[in-house]
Amino acid sequence: MSDLPLWTSRVRVIALPGSATVRLDRRAALVCAVLAALLLGLGALALTLGETAITVGQVVSALAGGGDDGVRRIVVQWRLPRVVMAVLGGAALGVSGAVFQSMTRNPLGSPDIIGFSTGAYTGALVASLVLGRSALGTTLGALVGGLGAAVLVYLLAFRGGLQGFRLVVVGIAVSAVLSAVNSYLLVRARLEEAVTAATWGAGSLNGVRWPDVAPVALSLLVLAPACAVLVRRLTVLELGDDHARLLGLGVERSRAGLLVVGVGLIAVVTAVLGPIAFVALAAPQVARRLVAGTGPGLAPAAVVGALLLLVSDVLAQRVVAPGQLPVGVVTGCLGGAYLVWLLGRARRRS
Amino acid sequence: MVPEKTAAASADPAAPPAASWPPMVLAARDLAVGYGDRPVLHGLDVTITPGSFTVIIGPNACGKSTLLRSLARLLPVERGAVVLDGKDIRSSSSKEVARRIGLLPQTSVAPEGITVADLVSRGRYPHQRLLQQWSAQDERAVRSALRATSTEQFATRAVDELSGGQRQRVWVAMVLAQETPVVLLDEPTTYLDIAHQIELLDLCTRLHSQGRTLVAVLHDINQAARYATHLIAMRDGRVVAQGAPAEVVTAERVEEVFGVRCRVFASPETGTPMIVPLASGAVVAEP
């Protein structure tokens, strides 16, 4: 009797030194590689677009440190940080969404649906409208508001353990209440303050510079390895709490760790850019359909998230050029359309 | 490893001989467990005979599943302890316990689209470390679990596509891949038709004959008496009787435990006790 294959043809088992092996999903790897290439191309394109038309050749020489001083300033100081931020931020949002959706076993269990973004907005509004505005104050307010909402949802949803569905429902409820608070704060604010606050609330990459990128990049340096370690626990948690416990996983501890990482990822992005709709929700779902695989799929979600935010930002800059839309408006439109399509497809199937 | 007695398995030099499972004494000592303020087990003492195929029977809500889940450390203990080889299982790490006791819960939901081999391979988690995530040993354990449950031919298929009976065997395979000397099964036949029930119980007998200690909760007394080497009868959170099926399944005992009057015959097939409820007035009390 010869051994029947254990893995589908898309899985390649690679032997490592010793008796260890690694299973590589070729389709996931291919999807990631293609999307990463697209990301690179689009990133390069984004550097050429704007009020000042710059050729690819000029971009390349500017990146290499040569070329005209003015062009170099535009490319390296203005456009590059924006592109890098879109990539890092989108990736962080995608991973955060994938962590939450996998943990709650629910496609709606995304941090922007379950109160985090709304809470961050509340924090930012309180900081800028009630306590007096400053950029740093808004950032800190968003951080405090978002984390506060996350803790509140966690505490309200916790009943001797955490159920994914309960977390989603409680999150949506908390989100609705905070939305009402946000509307109230905006309505009672002076007009120009309200406009500034609402612009922040849409989520925008406008005017992003290197000092804005630095905190996001540094946080990702810590959070990305944490994700890599926790993803194994996530695959066990996917089997349900009973099975996870029976396999020797500390379920509550793992979930707490995943919550911290998931919230941390979206918190740092939201604090700097404002709440960006739908990337965390849609990126893992789009990635899942492209890869057609199982498991949390953090890497594909990261690449799709980065691509989604970069595409949206290019559109946000070009659609009403020379004016600029907040990127959150574009991601919201794309995400909404995507969700309608998703629901339509699900209905046709059933 | 779960070596099946096939040419391929015995030719595998890494496979240990059958019955290589260390005998482990699993016992509950004065065990009290409840949900909230509703006590279910009140100071229960029971010892699972090492190497036995023990079946727990009893009416609904008598604490069968609670006992099984407590033995696998799924439920917090209010008083007493679950003892494995003389040691309170709470004093071991959860991965250590997971390498010794496996349990198939009543219901399991597979992640969407997962393949059979992928699901079964997740049973290897307690044997893996951060830097050694998948080894040849893991692969062998998965393959022999698939063979033992006759699911190897489905390895690359999605679990969602399988029939109920096949799916249940795949979940058993996941527990087997955990390679625990003690395997607990919580009502493994409940959602299966009679052919698949028999198939699963025959599988249990095979696993037992390979040296594992098996404990299952079953509803059907006749099936329990036929397949078990030991029976534990429970009622109201207490053990009413335990021992060989012929000692436990008597007309008086069945009436005492289930509130059902019956006659007991020896099965013409196996000689094991078989109950037939009386034609009228069989039910004497709401259990």
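Note that the coordinates shown come from a computational prediction; the quantities given were computed from them, not determined experimentally.

Some details on the overall build of chain B
A count of helical and extended segments in chain B gives ten helices and twelve strands. Radius of gyration (C-alpha) of chain B: 19 Å, near the 19 Å computed for a compact globule of 287 residues. Judged by the C-alpha coordinates and their principal axes, chain B covers about 60 × 45 × 35 Å. In chain B, which comprises 287 residues, the share counted as buried stands at 45%. In chain B, 66% of the contacts between residues at least 6 apart in sequence involve partners at least 24 apart.

Some words on the pairing of strand 9 (residues 230-235) of chain B
Residue and element names in this part refer to chain B. Counting buried residues in strand 9 gives six out of six residues, a clear majority hidden from the surface. Side-chain alternation along strand 9 places His230, Ile232 and Met234 on one buried face and Leu231, Ala233 and Arg235 on a second face that is also buried. Relative to strand 10 (residues 238-243), strand 9 runs antiparallel, the two being bridged by five bridges. If you follow Met234 over to strand 10, its bridge partner there is Val239. Where strand 9 hands over to strand 10, the hairpin turn is made up of two residues, of which Asp236 adopts a positive phi near 50°.

Brief notes about unusual backbone geometry
Despite not being glycine, Phe278 of chain A shows a phi value in the positive range, around 75°. Note that Phe278 of chain A resides in the loop between helix 10 (251-273) and helix 11 (279-291). On the basis of neighbour counts, which here come to 27 C-beta atoms within 10 Å, the residue Phe278 of chain A falls in the buried class. At Ala61 of chain B, a position not held by glycine, the phi torsion is positive, near 65°. Considering the arrangement of structural elements, one finds Ala61 of chain B in the loop between strand 3 (53-57) and helix 2 (64-71).

Digging into the interface of chain B and chain A
Counting residues at the interface gives 37 residues for chain B and 27 residues for chain A. Elements represented by at least two residues in the side of chain B that touches chain A include exactly helix 1 (7-11), helix 3 (94-98), strand 6 (101-104), helix 4 (116-121) and helix 5 (136-148) of chain B. Of the residues belonging to the side of chain B that touches chain A, the class tally is 19 nonpolar, twelve polar and six charged.

Points about the sheet that holds strand 3 of chain B
Residue and element names in this part refer to chain B. One open sheet holds the six strands; their spatial order is 6-7-8-3-9-10, and the pairing between them is mixed. Lying at the two open borders of the sheet, with one neighbouring strand each, are strand 6 and strand 10. For this sheet, the mean angle separating the axes of adjacent strands, direction not counted, is 15°. Pairing of strand 3 with strand 8 (residues 213-217) involves four bridges; the strand directions are parallel.

Considerations on the nonpolar core
Counting 180 residues, the largest nonpolar core has Ala92, Val95, Ala283 and Leu310 of chain A together with Val120, Leu184 and Leu231 of chain B as its most contacted members. Of the residues forming this core, the biggest block, 16 residues, is contributed by helix 3 (residues 69-104) of chain A.

Looking at the sheet that holds strand 5 (residues 87-88) of chain B
Within a sheet, neighbouring strands are paired by backbone hydrogen bonds and run either parallel or antiparallel to one another. Residues and elements named next belong to chain B. Strand order in the open sheet formed by four strands is 2-1-4-5, with antiparallel pairing between adjacent strands. Of all strands in the sheet, those bounded by a partner on one side alone are strand 2 (38-48) and strand 5. Helix 2 contacts strand 1 (26-35), strand 2 and strand 4 (79-84) of the sheet and is inclined by roughly 120° relative to strand 1.

Remarks on the packing of helix 2 (residues 56-63) of chain A against helix 3 of chain A
Residue and element names in this part refer to chain A. Close contact between helix 2 and helix 3 brings their axes to 9 Å; oriented N to C, the two are set at 80°. Considering the angle they form, helix 2 stands roughly perpendicular to helix 3. In this structure, helix 2 contributes Gln58, Val59, Ala62 and Leu63 to the contact, and helix 3 contributes Val71, Arg72, Val75 and Val76. When its residues are assigned to classes, the contact of helix 2 with helix 3 shows six nonpolar, one polar and one charged.

Observations concerning helix 12 (residues 298-318) of chain A
The periodicity of an α-helix, 3.6 residues per turn, causes residues three or four places apart in sequence to face the same way. Here helix 12 of chain A is 21 residues long and its end C-alpha atoms lie 30 Å apart, about the 30 Å a rise of 1.5 Å per residue gives. Of all 21 residues that make up helix 12 of chain A, 18 are buried, and the element is covered over most of its length.

Thoughts on the packing of helix 11 of chain A against helix 12 of chain A
All names here are of chain A. It is the contact of helix 11 with helix 12, at a shortest axis distance of 8 Å, that shows an interaxial angle of 120°. One finds that helix 11 runs oblique with respect to helix 12. As for the relative orientation of helix 11 and helix 12, their crossing is right-handed in sense. Contacts from Val279, Ala282, Ala283, Pro284, Val286, Ala287, Leu290 and Val291 in helix 11 reach Pro300, Ala301, Val304, Gly305, Leu308 and Leu309 in helix 12. A per-class count over the contact of helix 11 with helix 12 returns 13 nonpolar, one polar and no charged.

Some details on the confidence of the model for chain A
Confidence in the prediction of chain A, expressed as mean pLDDT, is 87, and 97% of residues score 70 or more. Summarising per-element confidence for chain A, the mean pLDDT is lowest in helix 13 (residues 327-349) of chain A (78) and highest in helix 9 (residues 241-246) of chain A (94).

Re the environment of Ala216 of chain B
By the element assignment, Ala216 of chain B lies in strand 8. Each residue touching Ala216 of chain B, except ones within four places of it in the same chain, is listed here: Val55, Leu185, Pro188 and Cys204 of chain B.

A few points about the pairing of strand 2 (residues 21-25) of chain A
On a regular strand, one side chain projects to one face of the sheet and the next to the other, so that they alternate. Residues and elements named next belong to chain A. Inspection of the sheet shows strand 1 (residues 11-15) paired to strand 2 by five bridges, in the antiparallel sense. Bridge pairing in strand 2 links Ala15 to Thr21. Taken together, strand 1 and the strand that follows it, strand 2, pair antiparallel across an intervening segment of five residues, in which Gly18 is found at a positive phi of about 80°.

Looking at helix 2 of chain A
Residue and element names in this part refer to chain A. Buried within helix 2 we find Gln58, Val59 and Ala62. Along the long axis of helix 2, the arc covered by the buried residues comes to 100°, so they all point the same way. For helix 2, exposure combined with an orientation more than 90 degrees from the buried face picks out Val56 and Gly57. Of the surrounding elements, those touching the buried residues of helix 2 are helix 1 (26-48) and helix 3. Looking one or two residues past helix 2, Gly65 carries a phi angle of roughly 95°, positive in sign.

The rules behind each value
- Residues numbered from 1 in each chain as written.
- Chains lettered and ligands numbered in written order.
- Predicted model: local features only at pLDDT ≥ 70, side-chain atom pairs only at ≥ 80, totals over all residues.
- Helix = DSSP H or I, 4+ residues; strand = E, 2+ residues; numbered from the N terminus.
- Rg over C-alpha atoms; globule rule 2.2 N^0.38 Å.
- Buried ≥ 20, exposed ≤ 12 C-beta atoms within 10 Å, placed from the backbone.
- Contact = placed C-beta atoms within 7 Å.
- Pairing = 2+ DSSP bridges.
- Nonpolar A, V, L, I, M, F, W, Y, C, P; charged D, E, K, R; others polar.
- Axes fitted to C-alpha atoms, helices over the stretch in contact; angles between N-to-C directions.
- Core = buried A, V, L, I, M, F, W, Y, C linked by C-beta atoms within 7 Å.
- Parallel < 35°, antiparallel > 145°, perpendicular 65-115°, else oblique.
- Expected span 1.5 Å × (residues − 1).
- Left-handed = near helix turned anticlockwise from the far one by under 90°.
- pLDDT = per-residue confidence, 0-100.
- Arc of directions from axis to C-beta.

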